[in-house]
Amino acid sequence: MSLYNNFSSKAELVMAYLDARTEEWLSLYRRRLEGAQDGRGGVMAVFDAYADHAAFAYEHGFRGCGRLNAAAEPHAGDDRRAGRGAPAQGRGRGSACRAS
């Protein structure tokens with residue numbers, strides 16, 4: 001069974017991976033934000049969520065930053081290489097490479 005049976009291209013597979021990783025981080029962030037008592041706690045929720053995300057990645061065999069790994073992958077005809085790909089809502093915000 002190949003992953004390509006579920007995706008029309010490698011680019012589509014990579015984008016699905018990035019979307020899943022972004023949603024994973026946002027879920028961790030929302031959980032931390034719920035416990036914030038004030039504005040400072042809300043800011044700290046961002047950093048705490050990154051720490052949670054890193055711990056999760058290391059538990060499951062960290063293999064480098066998923067976003068950097070994905071950025072190294074586009075083929076010559078891929079719109080992401082030329083900078084023409086339109087980012088999905090939320091992608092890119094808060095996406096500094098941590099253990100993702």
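In this text, all values refer to a predicted model and were calculated from it rather than measured experimentally.

1. Let's talk about helix H1 (residues 10-34)
Over its 25 residues, H1 runs 36 Å from end to end, which matches the ideal 36 Å to within 8%, given 1.5 Å per residue. When we look at burial in H1, the residues that qualify are Ala11, Leu13, Val14, Leu18, Arg21, Thr22, Trp25 and Leu28.

2. Section: the confidence of the model for the protein chain
Taken residue by residue, the protein chain gives an average pLDDT of 76. The fraction at 70 or more is 72%. Per-residue pLDDT stays below 50 along residues 84-100; that stretch engages in 32 contacts with residues further than four places along the chain or on separate chains.

3. Structural notes on the packing of aromatic side chains
Scanning all chains against the criterion turns up two aromatic pairs. Ring geometry for Trp25 against Tyr50: centres 5.0 Å apart, planes inclined by 35 degrees, an arrangement best described as tilted. With Trp25 in helix H1 and Tyr50 in helix H2 (residues 39-59), this pair connects stretches of sequence that are 25 residues apart. Its relative accessible area of 11% is what places Tyr50 among the buried residues. An aromatic cluster is built from Trp25, Tyr29 and Tyr50, whose rings are joined through pairwise contacts.

4. Regarding the pattern of salt bridges
Side chains that differ in charge, positive against negative, can pair when their charged atoms come close. For the structure on display, the rule yields four salt bridges. Note that Arg21 is salt-bridged to Glu24, the shortest N-O span being 2.7 Å. Separated by three residues within a single helix, Arg21 and Glu24 lie in helix H1, roughly one turn from each other. Owing to a relative accessible area of 11%, Arg21 belongs among the buried residues under this scheme.

5. Structural notes on H2
In this model H2 runs 31 Å from its N-terminal to its C-terminal C-alpha over 21 residues, within 8% of the 30 Å that 1.5 Å per residue would give. Largest kink in H2: about 25 degrees, centred on Ala45. Within H2 the residues assigned to the buried category are Gly42, Ala45, Ala49, Tyr50, His53, Ala54 and Ala57. For H2, the capping residue at the N-terminal end is Asp38, with a side-chain oxygen 3.3 Å from the backbone nitrogen of Arg40. Of the residues one or two after H2, Gly61 is the one with positive phi, at around 80 degrees.

Conventions adopted
Residues numbered from 1 in each chain as written. Predicted model: local features only at pLDDT ≥ 70, side-chain atom pairs only at ≥ 80, totals over all residues. Heavy atoms only, no water. Helix = DSSP H or I, 4+ residues; strand = E, 2+ residues; numbered from the N terminus. Expected span 1.5 Å × (residues − 1). Buried < 20%, exposed > 50% of the residue type's maximum accessible area, 1.4 Å probe, protein only. pLDDT = per-residue confidence, 0-100. Contact = heavy atoms within 4.5 Å. Phe/Tyr/Trp six-rings, centres within 6.5 Å; stacked < 30°, edge-to-face > 60°. Salt bridge = Lys/Arg side-chain N within 4 Å of Asp/Glu carboxyl O. Bend = angle between axes of the 7 residues up to and from the residue. Polar contact = N/O pair within 3.5 Å; in protein donor to acceptor, adjacent residues only side chain to side chain.

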